[in-house]
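As a plain string of letters, each chain reads:
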Amino acid sequence: MSRVDIAQADIGLIGLAVMGQNLVLNMEDHGFTVAVYNRTLSKVDDFINGSAKGRNIIGAHSIEELVGALKKPRRVMMLVKAGQPVDDFIDLLIPHLEAGDIIIDGGNSNYNDTIRRTAYVESKGLLYIGTGVSGGEEGARHGPSIMPGGSTDAWPHVKPIFQAVAAKVEGGTDGSPSAPCCDWVGENGAGHYVKMTHNGIEYGDMQLICEAYYLMKEALGMSNEEMHGTFAEWNRGKLDSYLIEITRDILGFRDEGGKYVIDLILDTAGQKGTGKWTGISALDMGIPLTLIVEAVFARCLSALKDERVVASKVLSGPSLTFDGDRQAFIQDIHDALYASKIMSYTQGYMLMQAAAAEYGWNLNLGGIALMWRGGCIIRSAFLGKIKEAFDKKPDLNNLLLDDYFRAEVEAAQPGWRRVIAKAVEMGVPVPAISSALAFYDGYRRERLPANLLQAQRDYFGAHTYERIDRPRKEFFHTDWTGSGGDVTSTTYNA
Ligand code: NBP
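Reading guide: rules and limits
Residues numbered from 1 in each chain as written. Predicted model: local features only at pLDDT ≥ 70, side-chain atom pairs only at ≥ 80, totals over all residues. Heavy atoms only, no water. Near = heavy atom within 4 Å. Polar contact = N/O pair within 3.5 Å; in protein donor to acceptor, adjacent residues only side chain to side chain. Helix = DSSP H or I, 4+ residues; strand = E, 2+ residues; numbered from the N terminus. Nonpolar A, V, L, I, M, F, W, Y, C, P; charged D, E, K, R; others polar. Buried < 20%, exposed > 50% of the residue type's maximum accessible area, 1.4 Å probe, protein only. Contact = heavy atoms within 4.5 Å. Salt bridge = Lys/Arg side-chain N within 4 Å of Asp/Glu carboxyl O. Pairing = 2+ DSSP bridges. Lys, Arg positive; Asp, Glu negative; His and termini not counted. Phe/Tyr/Trp six-rings, centres within 6.5 Å; stacked < 30°, edge-to-face > 60°. Axes fitted to C-alpha atoms, helices over the stretch in contact; angles between N-to-C directions. Parallel < 35°, antiparallel > 145°, perpendicular 65-115°, else oblique. Left-handed = near helix turned anticlockwise from the far one by under 90°. Patch = residues over 30% accessible without salt bridge, like charges linked within 9 Å, V, L, I, M, F, W, Y side chains within 5 Å. Areas by Shrake-Rupley, 256 points an atom, 1.4 Å probe, with all protein chains shown as cover.

1. Observations regarding the site of the ligand
Then, in step 1: Taken together, 19 residues surround the ligand, and among them M19, N38, R39, T40 and K43 come closest.
Then, in step 2: In the model, an oxygen atom of the ligand is placed 3.0 Å from a nitrogen or oxygen of the V80 main chain.
Then, in step 3: Those elements giving two or more residues to the shell around the ligand turn out to be α1 (18-29) and α4 (84-93).
Then, in step 4: Of the residues belonging to the shell around the ligand, the class tally is ten nonpolar, six polar and three charged.

See the structure below:
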C-alpha cells in the first residue's frame, strides 16, 4: 500500500530508523494500519518497497499527508533522535492537529524535556505521551517493554495498540498468563523517568555481573569455559535473567580462529547518558543511589586505559593466590551478586518513590516491575518477586522491608561479606558489590557517625545541629573554641 486519500491508519509513525521500522512492523502484525513518515523521504520509499511491501503500511511524503491518513483522534508517534528533532517535529505537527489528537515521543528523551513538552502540547489543546521503549531492535520487532507517561486522557486511546505490541509475561494481577509489559506509568515525564531509571538499573546489573566475572577470572583463575558453565547454572536459578543469559553466551563464544572473543575486546567502556542522568537526579533529590553511580564511575575508570597501563607498572598491590574452597567461593560470588542486585533495585525504587513525591506522580510501582519483567534488557525472574512485594503491600516503603527480600538478603549475607573481604585482601576491585554492602550496613544502622559530621560543621561553620534529647527542628550551636560568638550560619553549606 502506498499513498491514500482516506483517513484509515490507526497510528502514524515518524522516524524510520531501526526502532521505528521494527515497531511499525510489530504494530502491523497485530492488525493495526500504520502511516509512516521520515525526514529523509527516500527512507519512506525504501521501507514501503522493502520490508513493508504488501502490508497495511502507508507511506507519507509530508507531515500533512501523514496526518491526513490518520483516524481520529489522531495518534502520531515519533521515534527520532532525542533532543531538538523531537521539538522540531512537535512544532511541525501542531498546525495540522486538532483538539484531542495525541503526539507520542517514543525516543530516549530526558524526562525534564517531557515535562516541558507535555505542558506545551497540552497548552495547544492536544495530548502528549512520552514513553520509554526498551528492548532495542529485537524488542521493537517482537515485543518491547513500553513505559508511557504524559497526558492521562491520552492513555485509553493508545492503550490497545501499546499493550498489543508489548512483550507479554506471566504474572498479571489476575494471574493471567499473558500480561503485557506496558501500563500507564503516570503524569507528564513519569514514563521517561521510569525508562531512565530502568537504564540506570541496567548499568548496575551489568557492572555487578562484570565484577562477578572479574572475581572468577582474577581471584579464582577460572577459564572462559568454566565461567560459561557457571553462568549457565546461575541462569537456571534465582539470577535467571537476560543479562546472565547473554553473559553465559558471550563467555562461550569463539571466533573463526577458535579464540574467545571476550579476551580480544578492549577493556574500556563509555557511558551514553541515561546512567549519568539517573545519578544526577538521585543527587538532586538526596537519594543514596550508590550502586548505579558506582557503575557509572566504574565505566569512567575503565575509560582511563592509557593511565591504567602506566599505573599498572608503578603502583603495587597484593599478589596472592586463592587458597580456599573454590566451589564454596563460586557460591559466595553468586550470593554477593544476588544480594547486591537486591540493593540496586531497592535504591532504584527509592529513587522512583522520591521522584513521584517530587513531581506529583502517582507511580504504579508494582506495575513498573511487571513492565520490566519482559521485553527489556533488565528482564528477569527476580522482577516477578518485586511485583509480588508491591502487590502484597502497595505502600511498601522500602523493598528491604518486604519479608521475602529481607530473608533473601539475610541468607546471602555471609557469602556476600566473604567475597568482599577476599576481594579486598587480594586487591580485586568490586566497587558495586562493596558499595551495595556499605549501603545495606548503613541503612540497617539506627545510629551513623553523622553526629560527628554535624559537630564538625558546627565547629567550623556555626552550622548548628539537632540533639537526640530534644525535639526535631530545634537547632543548637556550641562555642567549641571558647572564642566563637553565638551567631549561626543560615547560608553556609559545607
Ligand atoms: P536514531 O536515534 O538513530 O534516530 C534516527 C531518526 O532520527 C531518523 O528518522 C532520522 O531521520 C531522525 N533524525 C535525526 Br538522526 N536528526 C534529525 C533532525 N535533526 N530532524 C529530524 N529528524 C532527525 O534512531 P533509533 O536508533 O531507531 O532510535 C530512535 C529513538 O529510540 C531514539 O530516541 C533512541 O534513543 C531510542 N531508542 C533506541 C534504541 C536502540 O536500540 N536503537 C533502544 C531504545 C530506544 P533521517 O533518516 O532523515 O536522518
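Now, onward.
2. Description of the environment of I330
Then, in step 1: Here I330 is to be found in helix α14 (residues 326-359).
Then, in step 2: On the basis of relative accessible area, I330 is assigned to the buried category, the value being 10%.
Then, in step 3: Separated by 85 residues in the primary sequence, I330 and G415 place their C-alpha atoms 9.4 Å from one another.
Then, in step 4: Ignoring any residue separated from it by four or fewer positions in sequence, one finds I330 in contact with L220, M222, T230 and W234.

3. Things to note about the pattern of salt bridges
Then, in step 1: Using the criterion set out here, one finds 29 salt bridges in the structure.
Then, in step 2: Note that K238 and E408 form a salt bridge whose closest N and O atoms lie 2.9 Å from each other. Linking K238 in the loop between α9 (224-234) and α10 (242-251) with E408 in helix α17 (residues 403-426), this pair joins segments that are 170 residues apart in sequence.
Then, in step 3: When salt bridges with common partners are traced through the structure, they connect D87, D105, D113, R116 and R117 into a single cluster.

4. Let's talk about the sheet that holds strand β10 (residues 186-187)
Then, in step 1: Strand order in the open sheet formed by eight strands is β3-β2-β1-β4-β5-β6-β7-β10, and the pairing between neighbours is mixed. Both edges of this open sheet fall to β3 (57-59) and β10, since each of them pairs with a single strand only.
Then, in step 2: Pairing geometry for strand β1 (residues 11-14) and strand β2 (residues 34-37), over four bridges, is parallel. Within β2, the residue paired with G12 across the bridge is A35.

5. So, the side chain of E211
Then, in step 1: Residue position: E211 is located in helix α8 (residues 190-219).
Then, in step 2: This buried residue, E211, is left without a salt bridge; R299 holds the nearest opposite charge, at 11 Å.
Then, in step 3: Of the polar contacts made by the side chain of E211, one reaches the backbone nitrogen of A432; its length is 2.7 Å.
Then, in step 4: One polar contact links the side chain of E211 to the main-chain amide nitrogen of I433, over a distance of 2.9 Å.

6. Section: the packing of aromatic side chains
Then, in step 1: Applying the stated criterion to the full structure yields 19 aromatic pairs.
Then, in step 2: An angle of 75 degrees between the planes, with centres 6.2 Å apart, marks the rings of Y338 and F382 as edge-to-face. Separated by 44 residues along the polypeptide, Y338 in helix α14 and F382 in helix α16 (residues 382-392) bring together distant segments of the chain.
Then, in step 3: Overall, the relative accessible area of 3% leaves Y338 in the buried class.
Then, in step 4: With a centroid separation of 5.7 Å and 70 degrees between ring planes, the pair formed by F382 and F405 is classed as edge-to-face. Here F382 is found in helix α16, whereas its partner F405 is found in helix α17, with 23 residues between them in sequence.

7. Comments concerning the packing of α14 against α16
Then, in step 1: Viewed as axis vectors pointing N to C, α14 and α16 meet at an angle of 50 degrees, and their least axial separation amounts to 12 Å. Considered as vectors, α14 and α16 are oriented oblique to each other. For the pair α14 and α16, the crossing hand works out as right-handed. From α14, Y338, K341, I342, Y345, Y349 and Q353 reach across to α16, where they touch F382, L383, I386 and F390.
Then, in step 2: Residue composition of the contact of α14 with α16, grouped by class: eight nonpolar, one polar and one charged.

8. Brief notes about a nonpolar patch on the surface
Then, in step 1: There is a patch of nonpolar side chains on the surface, built from V310, V314 and L315 and spanning about 330 Å² of accessible area.
Then, in step 2: Positionally, V310 belongs in helix α13 (residues 305-312).
Then, in step 3: Take V310: its relative accessible area is 54%, and that puts it in the exposed class.

9. Considering unusual backbone geometry
Then, in step 1: At the junction of K72 and P73, the peptide bond is cis and its omega measures out at -10 degrees in the coordinates.
Then, in step 2: Within the element layout of this structure, P73 appears in the loop between α3 (63-68) and β4 (75-78).
Then, in step 3: The phi torsion at A462 lies on the positive side, around 50 degrees, for a residue other than glycine.
Then, in step 4: The exposure class of A462 is buried, given its relative accessible area of 15%.
Then, in step 5: For T464, which is not a glycine, the phi torsion comes out positive at approximately 70 degrees.
Then, in step 6: Tracing the backbone through its elements, the reader meets T464 in the segment after α19 (450-461).
Then, in step 7: A relative accessible area of 13% places T464 in the buried class.

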